[in-house]
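# Architecture and fold: a report
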Amino acid sequence: MHSKIFVNMPVSDVERSRKFFTSLGYSFNENFTSDSAVTLVLGENQFAMLTRRDVFDSLHPVETADASTTKECVICLGVDRRECVDALVDRAIAEGGTPGDADDEDFMYGRSYHDLDGHSWQIFWMDPGAQEG
């Protein structure tokens, strides 16, 4: 149905967010990047627009949630191996993120962290065999 996703998220400091996500191994699409926003590449045709809060506020007519005090959403991202969950979340916490919840089921394993602005990111692995049938 959809060919791309751009999740728009307010951040207090664009450059600080860029450094944080770069340290986690992410890249940015410079074609959609400016002083007020950076485009975080999450995967093929999957992006998060990290937009300076004042610019974000000017684009939307309702009050912007403060992700450090109000849960506005959880971004869930799948990885290929269970070990990748721990590696990415541990790195995020080491770089200044805060730990979130964890879930360990027979067929799925996940952990979450909150980035420097409080946005929740859940990283999960699902057993490929569980997806069949």
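Residues numbered from 1 in each chain as written. Predicted model: local features only at pLDDT ≥ 70, side-chain atom pairs only at ≥ 80, totals over all residues. Heavy atoms only, no water.

- Looking at an unreviewed UniProt entry, one finds the protein named Glyoxalase and attributed to Mycobacterium syngnathidarum.

### Quick word on the overall build of the protein
- Along the backbone of the protein there are 4 helices and 8 strands.
- For the protein, the N- to C-terminal ordering of α and β elements is β-α-β-β-β-α-β-α-β-β-β-α.
- Here the C-alpha radius of gyration of the protein, 15 Å, is about what a compact globule of 133 residues would show, namely 14 Å.
- Judged by the C-alpha coordinates and their principal axes, the protein covers about 45 × 35 × 30 Å.
- Evaluated residue by residue, the protein yields a buried proportion of 36% over its 133 residues.
- Of all intrachain contacts in the protein linking residues separated by at least 6 positions in sequence, the fraction that spans at least 24 positions is 50%. (Helix = DSSP H or I, 4+ residues; strand = E, 2+ residues; numbered from the N terminus. Rg over C-alpha atoms; globule rule 2.2 N^0.38 Å. Buried < 20%, exposed > 50% of the residue type's maximum accessible area, 1.4 Å probe, protein only. Contact = heavy atoms within 4.5 Å.)

### Some details on the sheet that holds strand β6 (residues 98-104)
- Strands sit in the order β5-β8-β7-β6 across an open sheet of 4 strands; the sheet is mixed. Two strands in the sheet have a free side with no partner beyond their single neighbour: β5 (74-78) and β6. Between one strand and the next, the sheet's axes are offset by a mean angle of 20°, whatever the strand orientation.
- Bridging between strand β7 (residues 108-114) and strand β8 (residues 120-126) involves 7 bridges; their strand directions are antiparallel. Its bridge partner being in β8, Gly110 is matched across the sheet by Phe124.
- Helix α3 (residues 82-94) contacts β6, β7 and β8 of the sheet and is inclined by roughly 10° relative to β7. (Pairing = 2+ DSSP bridges. Axes fitted to C-alpha atoms, helices over the stretch in contact; angles between N-to-C directions.)

### Thoughts on the side chain of Ser17
- Along the chain, the position of Ser17 falls in helix α1 (residues 14-23).
- When neighbours within four sequence positions are excluded, Ser17 is seen to be in contact with Val11, Leu50 and Asp117.

### Quick look at the packing of aromatic side chains
- Under the definition given, this model contains 6 aromatic pairs.
- Between the aromatic rings of Phe6 and Phe32, the centroid separation amounts to 6.2 Å while the plane-to-plane angle is 75°, which identifies the pairing as edge-to-face. Of this pair, Phe6 sits in strand β1 (residues 5-11) while Phe32 sits in the loop between β2 (27-28) and β3 (37-43), and the two are 26 residues apart along the sequence.
- What makes Phe6 partly exposed here is its relative accessible area of 35%. (Phe/Tyr/Trp six-rings, centres within 6.5 Å; stacked < 30°, edge-to-face > 60°.)

### Let's talk about unusual backbone geometry
- Look at Asn45: it is not a glycine, yet its phi comes out positive at around 65°.
- Examined against the element boundaries, Asn45 turns out to sit in the loop between β3 and β4 (46-52).

### Points about the UniProt feature "domain: VOC" (unreviewed entry) in the protein
- The UniProt record marks residues 3-126 with the feature "domain: VOC" (unreviewed entry), using the residue numbering of this structure.
- End C-alpha atoms of residues 3-126 are separated by 23 Å, and the span's content is 24% helix alongside 40% strand. (UniProt positions renumbered as here; feature names shortened; annotations may be inferred.)

### Brief notes about the pairing of β8
- For β8, the tally of buried residues reaches 5 of 7 residues, placing the bulk of the element in the interior.
- Across 5 bridges, the pairing between β5 and β8 is parallel. From the neighbouring strand, Cys76 faces β8, where its bridge partner is Gln122.
- If you look at the hairpin formed by β7 and β8, you'll find 5 residues sitting between the two strands, and Gly118 has a positive phi there, around 95°.

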